[in-house]
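Chain residues, written in single-letter form:
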Amino acid sequence: MKGTFRSLKNRNYRLWAGGAVVSNIGTWMQRIAQDWLVLTGLTHHSATAVGVVMSLQFGPMVLLLPLSGFAADHLDRRKLLIATQAAMGVLALGLGLLTISGAVQLWQVYAFALLLGCVTAFDSPARQTFVAEMVGEADLSNAVALNSTSFNAARMIGPAVAGLLIAGVGTGWVFLINAASFAAVLVALWRLRVADLHRAEKALRTRGSLADGFRYVRQRPDLMAVLFMLLLIGTFGLNFAIYISTMAVSVFHAGAGTYGLLTSTMAIGSIAGALLAAQRDKPSIPLLMIGAGVFGLGCMLAALMPNELLFAGVLVIIGISAQTFTTSTLSLAQMTTAPAMRGRVIAIVLAIAMGGTPIGAPIVGWVADTLGPRWALVIGGASGIGAALVAIRYLARHRGLQVGFVAGRLRISTDDSVTPGDPAPLR
């Protein structure tokens, strides 16, 4: 594990990471409570309604892309994050008060999900690109992976705690605890040493700057392949709230505690995947291919599991592969993109990762309601297999992919002399 935690030597990053893990635990607690409220409190086990919530929460990532990418490249990212994190805390507070009062209705949850999505659209690209300002280019890949480790450590703790709290005091208090957790990251942002930040030169404010971002991506076959892979998995694969909640309720006939524990179990795999990514100096498309393929096979296998224990075991494999894929995608995009374009490119990456959800989540939810949760998992598995095939096509056309057996072991090799270009104009 040598060098795995090297970014934590940086004081600013240590502060940020400490505040973020507290806030992330609260965020995961709210996700579980919100899904459970919709699934069992406001509907009769409607996976479609959960899918609608996910659509409203992630849809703004696409709709606000022209503004969010611009903001990440042109505004002070630290000040922008202070504003977005505070706004998310206020939204959690409002939903918590409504729920505790007993006045909450399904349309109100939809409204809060939409507002949260609008704020997150600005928060996510700024948060991802702010990492480079804290640690610099040398430790960027490591810091991105550690961010994912923190997020998934919270994913392991938060759902389990949420399941216990929902059973003990109700969903409303979970929302209020999440609201309070944002204080940790806000304090961390205020205490950062601004003079120690690695400020990159701001992009020039020109008309059509977002179009420059798309033009930049179009001239990069590697990024085009990665983004198409992400589109497939982000749309039909990363719908874990639907998969796990419906399997827990409809197949295993379990309660909120089991739902929380299953989500936490998958997070164990996600943490392992993030820590493995933190050890790599540079991600690669062959790695994405493997991650996508294992993810697809894992979802297919999960659909066959007869009980919670075996299902939980497969969720660990899904967690490792999904985290390997998503973390490596973000690192690859950041490390191979010119700094002046990074905010817009990352906004495009996140818009594709989250923006497919408004399309995929209702479809997957409908499949779960109509054909059953197991078939919904099959849809997710197919997305992973499809993404792996996209990578194979790119590697065969642009990187001289060769597959064979050496000493009885499968070996995959590519032409490493081919490096990503940077042909697009920078503005």
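Because the structure is a prediction, the values reported are computed rather than measured.

S.K.: I keep staring at the overall build of the protein and nothing clicks. Help me out?
M.R.: Across its full length, the protein carries 17 helices and two strands. Considering the protein as a whole, with its 427 residues, one finds that 57% of them fall into the buried category. For the protein, the share of sequence-separated contacts (at least 6 apart) that also reach a separation of at least 24 residues comes to 85%. For the protein, the accessible surface area stands at approximately 17100 Å², while carbon and sulfur atoms represent 67% of it.

S.K.: Honestly, empty space enclosed by the protein in this entry has me stumped. Any pointers?
M.R.: Over the atoms a probe the size of a water molecule is rolled, and this reveals where empty space is left. Summed over all chains, the structure comprises two cavities of 30 Å³ or more. Of the volumes computed, that of the second largest cavity is approximately 60 Å³. As for the second largest cavity, its lining consists of Ser141, Ala145, Ala277, Arg280, Lys282, Pro283, Leu287, Thr327, Ser328 and Ser331. At the level of secondary structure, the elements contributing two or more residues to the lining of the second largest cavity comprise α7 (140-168) and α14 (308-335). Considering each element in turn, the lining of the second largest cavity owes the most residues, three residues, to α14.

S.K.: Honestly, the nonpolar core in this entry has me stumped. Any pointers?
M.R.: Buried together is how nonpolar side chains tend to be arranged in soluble globular proteins. Counting residues in hydrophobic clusters, the biggest one holds 119 residues, and the most contacted among them are Phe311 and Ile318. When neighbours within four sequence positions are excluded, Phe311 is seen to be in contact with Met247, Phe252, Leu262, Ala302, Met305 and Leu377.

S.K.: I keep staring at the packing of aromatic side chains and nothing clicks. Help me out?
M.R.: Scanning the model with the defined rule gives five aromatic pairs in all. Ring centres 6.2 Å apart and planes at 70° place the aromatic pair Phe240 and Tyr243 in the edge-to-face group. Of this pair, Phe240 and Tyr243 both sit in helix α11 (residues 240-251), three residues apart, which is roughly one turn of the helix. For the pair shown, Phe240 and Tyr243 are each scored as buried. Using a relative accessible area of 12% as the deciding quantity, one classes Phe240 as buried. Pairwise contacts between aromatic rings join Phe240, Tyr243 and Phe295 into one cluster. Lying over the aromatic face of Trp28, Arg31 brings its terminal NZ or CZ to 4.6 Å of the ring centre.

Parameters and conventions
Residues numbered from 1 in each chain as written. Predicted model: local features only at pLDDT ≥ 70, side-chain atom pairs only at ≥ 80, totals over all residues. Heavy atoms only, no water. Helix = DSSP H or I, 4+ residues; strand = E, 2+ residues; numbered from the N terminus. Buried < 20%, exposed > 50% of the residue type's maximum accessible area, 1.4 Å probe, protein only. Contact = heavy atoms within 4.5 Å. Areas by Shrake-Rupley, 256 points an atom, 1.4 Å probe, with all protein chains shown as cover. 1 Å grid on protein atoms, 1.4 Å probe; cavity = no way out; pocket = protein on both sides within 12 Å on 5 of 7 lines; lining within 4 Å. Points joined across faces, edges and corners; volume = space filled by probe spheres on them. Core = buried A, V, L, I, M, F, W, Y, C linked by side-chain atoms within 4.5 Å. Phe/Tyr/Trp six-rings, centres within 6.5 Å; stacked < 30°, edge-to-face > 60°. Lys NZ or Arg CZ within 6 Å of the ring centre and 35° of its normal.

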